[in-house]
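# Close look at the chain arrangement
Each chain is listed here by its residues.
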Amino acid sequence: MLLVVSPAKKLDFESPLTTEKFTQPTLLEQSQLLIDECVKLTPSDIASLMKLSDKLAGLNAARFGEWATPFTPENARQAILSFNGDVYTGLDAQSFTEDDFEFAQQHFRILSGLYGLLKPLDLMQAYRLEMGCKLANSRGDNLYHFWGEIITNELNKVIEEQNEEVLVNLASTEYFKSVKPKLLNATIITPTFKDWKNGQYKIISFFAKKARGLMARYIIQNKLTNIEDIKGFDLAGYQYDAEMSKGNDWVFTRKEA
């Protein structure tokens, strides 16, 4: 079982590290090509392209300018400990044991607009480049054109090497569009999380994002490898809903947050 999640806009490069182990991203040559395009952008270009404030645009222009290899613990940080959005609040990787990190390294991947596909312990430098960004590049006018089948091919390598049969899609629609399902050599299971509101179950973005992280945490900490076992997910009050689930779209519901 292989899990994929989205990255986060919010980053944490300051809190203490809970593991010293690290690896290198496998697609850094591709990332360098994107950086070569990004450093041409002015802060004004970045503000317009990414719909950012002048302050954030300036920050990210500086990040692009400072991006440099090789990545070391002095100039980069493990990906799973770098992102700090709602999904990562649910994941709470800061509390992982070394065994948890080891399991995650095998079964958990982060989709990224700049890095393509990251293992949890891959070092990364701070950036902001969302997958849906319409950054013109040598392969087209957006990042989906740039990555093409590259991310899918990398996932297939992991699937083949580890003899995985199922990919659990815990990523957002924006990020999972970078994967080509028809070319993926695994069954895709997509969990959806719904909360009771105004007399019906609805997807509430904040809760759904956190729940994706919670499910990843549940799988990692329980070292699950059988897909049926994730139906036992019960963190934060969620329960598998067989009636609402259809095919490979599995729904988890809860009455009260």
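Residues numbered from 1 in each chain as written. Predicted model: local features only at pLDDT ≥ 70, side-chain atom pairs only at ≥ 80, totals over all residues. Heavy atoms only, no water.

## What about the overall build of the protein?
Applicable threshold: Counting from the N terminus, the helices are DSSP H or I runs at least four residues long and the strands are E runs at least two residues long. Only C-alpha atoms enter the radius of gyration; for comparison, a globular chain is expected to reach 2.2 Å times N to the power 0.38, where N is the number of residues. Relative accessibility decides the category of a residue: with a 1.4 Å probe and only protein chains considered, values under 20% of the type maximum give buried, values over 50% give exposed, and everything between is partly exposed. The criterion used for residue contact is that any of the two residues' heavy atoms lie within 4.5 Å. In this count, Lys and Arg are taken as positive residues and Asp and Glu as negative ones, while His and the chain termini are left out. Each charge is placed at NZ for Lys, CZ for Arg, CG for Asp and CD for Glu.
Regarding its fold elements, the protein presents nine helices and ten strands. Computed over its C-alpha atoms, the radius of gyration of the protein comes to 18 Å, within 12% of the 18 Å expected for a compact globule of 257 residues. Along the first, second and third principal axes, the C-alpha atoms of the protein reach 50 × 40 × 40 Å. Within the protein, the proportion of its 257 residues that are buried is 51%. Within the protein, counting contacts between residues at least 6 apart in sequence, those at least 24 apart form 69% of the total. Across the protein, the 29 positively charged side chains and the 34 negatively charged ones have centroids separated by 7 Å.

## Things to note about the packing of helix α2 (residues 43-50) against helix α3 (residues 54-66)
In a packed pair of helices, the relevant descriptors are the angle between the two axes and the axis-to-axis distance. Applicable threshold: Axis lines are fitted through C-alpha atoms, for helices just across the contact stretch, and the angle between N-to-C directions can take any value from 0 to 180 degrees. Each angle is binned into one of four classes, with values under 35 degrees roughly parallel, values over 145 roughly antiparallel, values of 65 to 115 roughly perpendicular, and all other values oblique. Each helix crossing is assigned a hand: it is left-handed if the near helix lies turned anticlockwise from the far helix by less than a right angle, otherwise right-handed if that turn is clockwise. Classification used: nonpolar for Ala, Val, Leu, Ile, Met, Phe, Trp, Tyr, Cys and Pro, charged for Asp, Glu, Lys and Arg, polar for all others including Gly.
Following both chains from N to C, one finds α2 and α3 inclined at 115°, their axes separated by 8 Å at the closest point. By the angle between their directions, the pair α2 and α3 is classed as roughly perpendicular. Classified by chirality, the crossing of α3 by α2 is right-handed. In this structure, α2 contributes Pro-43, Ile-46, Ala-47 and Met-50 to the contact, and α3 contributes Asp-54, Ala-57, Gly-58, Asn-60, Ala-61 and Phe-64. Its residues placed into classes, the contact of α2 with α3 shows seven nonpolar, two polar and one charged.

## Let's talk about α3
Let me state the cut-off plainly: For a helix, the expected span equals 1.5 Å multiplied by the number of residues minus one. Summarising the geometry, the arc corresponds to the directions from the helix axis toward the C-beta atoms.
Relative to the 18 Å expected for 13 residues at 1.5 Å per residue, α3 spans 18 Å between its end C-alpha atoms, a close match to the ideal helical length. Those residues of α3 that sit buried are Ala-57, Asn-60 and Phe-64. One face of α3 carries all of its buried residues, which in axial projection span an arc of 70°. Away from the buried face of α3 by more than 90 degrees, exposed residues Lys-55, Gly-65 and Glu-66 are located.

## Things to note about the packing of aromatic side chains
Just so we agree on the cut-off: Stacked, edge-to-face and tilted are the three classes for Phe, Tyr and Trp ring pairs, Trp counted by its six-membered ring, which pair at centre distances within 6.5 Å; planes under 30 degrees apart are stacked, over 60 edge-to-face, the rest tilted.
One pass over the structure, following the stated rule, counts 17 aromatic pairs. Each ring, one from Phe-193 and one from Tyr-238, has its centre 5.6 Å from the other, and the planes form 75°; the classification is edge-to-face. Here Tyr-238 lies in the loop between α9 (205-221) and β9 (239-240) and Phe-193 lies in strand β7 (residues 187-197), a separation of 45 residues in the sequence. What makes Tyr-238 buried here is its relative accessible area of 1%. Between the aromatic rings of Tyr-240 and Trp-250, the centroid separation amounts to 5.9 Å while the plane-to-plane angle is 70°, which identifies the pairing as edge-to-face. Here the residue Tyr-240 occupies a position in strand β9, and Trp-250 occupies one in strand β10 (residues 249-254), the gap between them amounting to ten residues. Among the residues examined, Tyr-240 registers a relative accessible area of 24% and is labelled partly exposed. Judged by relative accessible area, Trp-250 falls into the buried class, the value being 5%. What links up through ring pairs into an aromatic cluster is the set Phe-193, Tyr-218, Phe-233, Tyr-238, Tyr-240, Trp-250 and Phe-252.

## Description of unusual backbone geometry
Working note: non-glycine residues mostly have negative phi, and peptide bonds are mostly trans. Cis geometry is found at the peptide bond from Thr-69 to Pro-70, where omega equals 0°. Here Pro-70 lies in the loop between α3 and β2 (77-78). The phi angle at Asn-163 is positive, at roughly 55°, despite the residue not being glycine. The residue Asn-163 is located in the loop between α7 (150-161) and β6 (166-170) in this model. For Asn-163, a relative accessible area of 64% puts it in the exposed group. Of note in the backbone geometry, Lys-223 takes a positive phi value of approximately 55° without being a glycine. Tracing the chain through its elements places Lys-223 in the loop between α9 and β9. A residue is classified by how much of its surface remains accessible, and Lys-223, at 31% relative accessible area, is partly exposed.

## What about the side chain of Asp-12?
Put simply, the test is: Pairs of N or O atoms are called polar contacts if they sit within 3.5 Å, as long as, within protein, a hydrogen donor faces a hydrogen acceptor (for residues adjacent in sequence, only side-chain-to-side-chain pairs).
Within the secondary structure, Asp-12 sits in the loop between β1 (2-5) and α1 (28-38). Here the side chain of Asp-12 touches Glu-14 through a polar contact of 3.0 Å, landing on its backbone nitrogen. Excluding its chain neighbours within four sequence positions, the residues that come into contact with Asp-12 are Arg-77, Leu-81, Ser-82, Asn-84 and Gln-94.

## A closer look at the environment of Ser-138
Tracing the chain through its elements places Ser-138 in the loop between β5 (123-124) and α6 (143-147). Under the relative-accessibility criterion, Ser-138 is labelled exposed at 67%. When the C-alpha positions of Ser-138 and Phe-64 are compared, they lie 18 Å apart, and in sequence the two are 74 residues distant.

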